[in-house]
Amino acid sequence: MTCDEIFYHRYLNGDDAGLEALMKKYGNPLTLYIDGYLHDVHEAEDLMLDVFAYLFTKKPRIRDGGFKAYLYKTARNMALRHKSKRKCLFRLDELTDESDGQLLVEEVIRTEERNRILHFCMGEMNPDYREVLYLTYFEGMSYAQAAEVTGKTVKQITNMVYRGKESLRRLLEREGITNAES
């Protein structure tokens, strides 16, 4: 049984500290994942809370080792349902955050520029490729967990990760980052 399942079982047995630990661990990453669908961080935060509310009011039985995948699959389903209900709005989001004037060291500027370019390039990718790259690289999920979240097979995830990395490499090279690695 993993740490996540221990916290979940503690919550199911009446210990609210388990709930707090899970929300602290997954709150921000889950919000970012949902924001990838909604493109509105405030709505994503609200939906993240709804995901936890659903999870902790319904108290589903989750197989050992499957908590993270179950959580992200629930978030994905809720985000898709929410997205289909809301009106489509077109607006340009800011691609970068402003830095503190004190931190404008050359390395920080270079890192922010690379992150801005990465964010921009990921936004231009096929949404399926972007999602599997996010789940496997940023969330550290295995291909099997990503397959469970997306409803695809492990072989499909393997192919999508490969194609996504190739697509991202081409986009990064187009933007002037020539040492983009797989």
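Our structure's up above, just so we're on the same page.
Given the structure is predicted, the values throughout are model-derived calculations rather than measurements.

Here's the deal with the overall build of the chain
Next, step 1: For the chain, the count of helices and strands is eight helices and zero strands.
Next, step 2: Start at the N end of the chain and walk to the C end: the helices and strands fall as α-α-α-α-α-α-α-α.
Next, step 3: Evaluated residue by residue, the chain yields a buried proportion of 36% over its 182 residues.
Next, step 4: Sequence separation of 24 or more characterises 62% of the internal contacts of the chain that already satisfy a separation of 6 or more.
Next, step 5: Counting every atom, the chain has about 11,500 Å² of accessible surface; 52% of that belongs to carbon and sulfur.

Re the packing of aromatic side chains
Next, step 1: Summed over the entire model, instances satisfying the criterion amount to seven aromatic pairs.
Next, step 2: Taking 5.7 Å as the distance between ring centres and 85° as the angle between the ring planes, the aromatic pair formed by Tyr-33 and Tyr-37 counts as edge-to-face. Of the two residues, Tyr-33 and Tyr-37 are both situated in helix H2 (residues 16-38); the distance of four residues between them amounts to about one turn of the helix.
Next, step 3: Take Tyr-33: its relative accessible area is 4%, and that puts it in the buried class.
Next, step 4: Take Tyr-37: its relative accessible area is 12%, and that puts it in the buried class.
Next, step 5: Aromatic rings pair up to connect Tyr-8, Tyr-26, Tyr-33, Tyr-37, Phe-67, Tyr-72, Tyr-134 and Phe-138 into one cluster.

Details of the packing of helix H3 (residues 41-58) against helix H4 (residues 67-85)
Next, step 1: Taken N-terminus to C-terminus, the directions of H3 and H4 make an angle of 125°; their axes are 10 Å apart at the nearest point. Taken as axis vectors, H3 and H4 run oblique relative to one another. Like other packed secondary-structure pairs, H3 and H4 cross with a definite hand, here right-handed. Judged by residue contacts, Glu-43, Leu-47, Asp-50, Val-51, Phe-52, Tyr-54 and Leu-55 of H3 engage Phe-67, Tyr-70, Leu-71, Thr-74, Ala-75, Met-78, Ala-79 and His-82 from H4.
Next, step 2: The residue makeup of the contact of H3 with H4, split by class, is 11 nonpolar, two polar and two charged.

Criteria and thresholds
Residues numbered from 1 in each chain as written. Predicted model: local features only at pLDDT ≥ 70, side-chain atom pairs only at ≥ 80, totals over all residues. Heavy atoms only, no water. Helix = DSSP H or I, 4+ residues; strand = E, 2+ residues; numbered from the N terminus. Buried < 20%, exposed > 50% of the residue type's maximum accessible area, 1.4 Å probe, protein only. Contact = heavy atoms within 4.5 Å. Areas by Shrake-Rupley, 256 points an atom, 1.4 Å probe, with all protein chains shown as cover. Phe/Tyr/Trp six-rings, centres within 6.5 Å; stacked < 30°, edge-to-face > 60°. Axes fitted to C-alpha atoms, helices over the stretch in contact; angles between N-to-C directions. Parallel < 35°, antiparallel > 145°, perpendicular 65-115°, else oblique. Left-handed = near helix turned anticlockwise from the far one by under 90°. Nonpolar A, V, L, I, M, F, W, Y, C, P; charged D, E, K, R; others polar.

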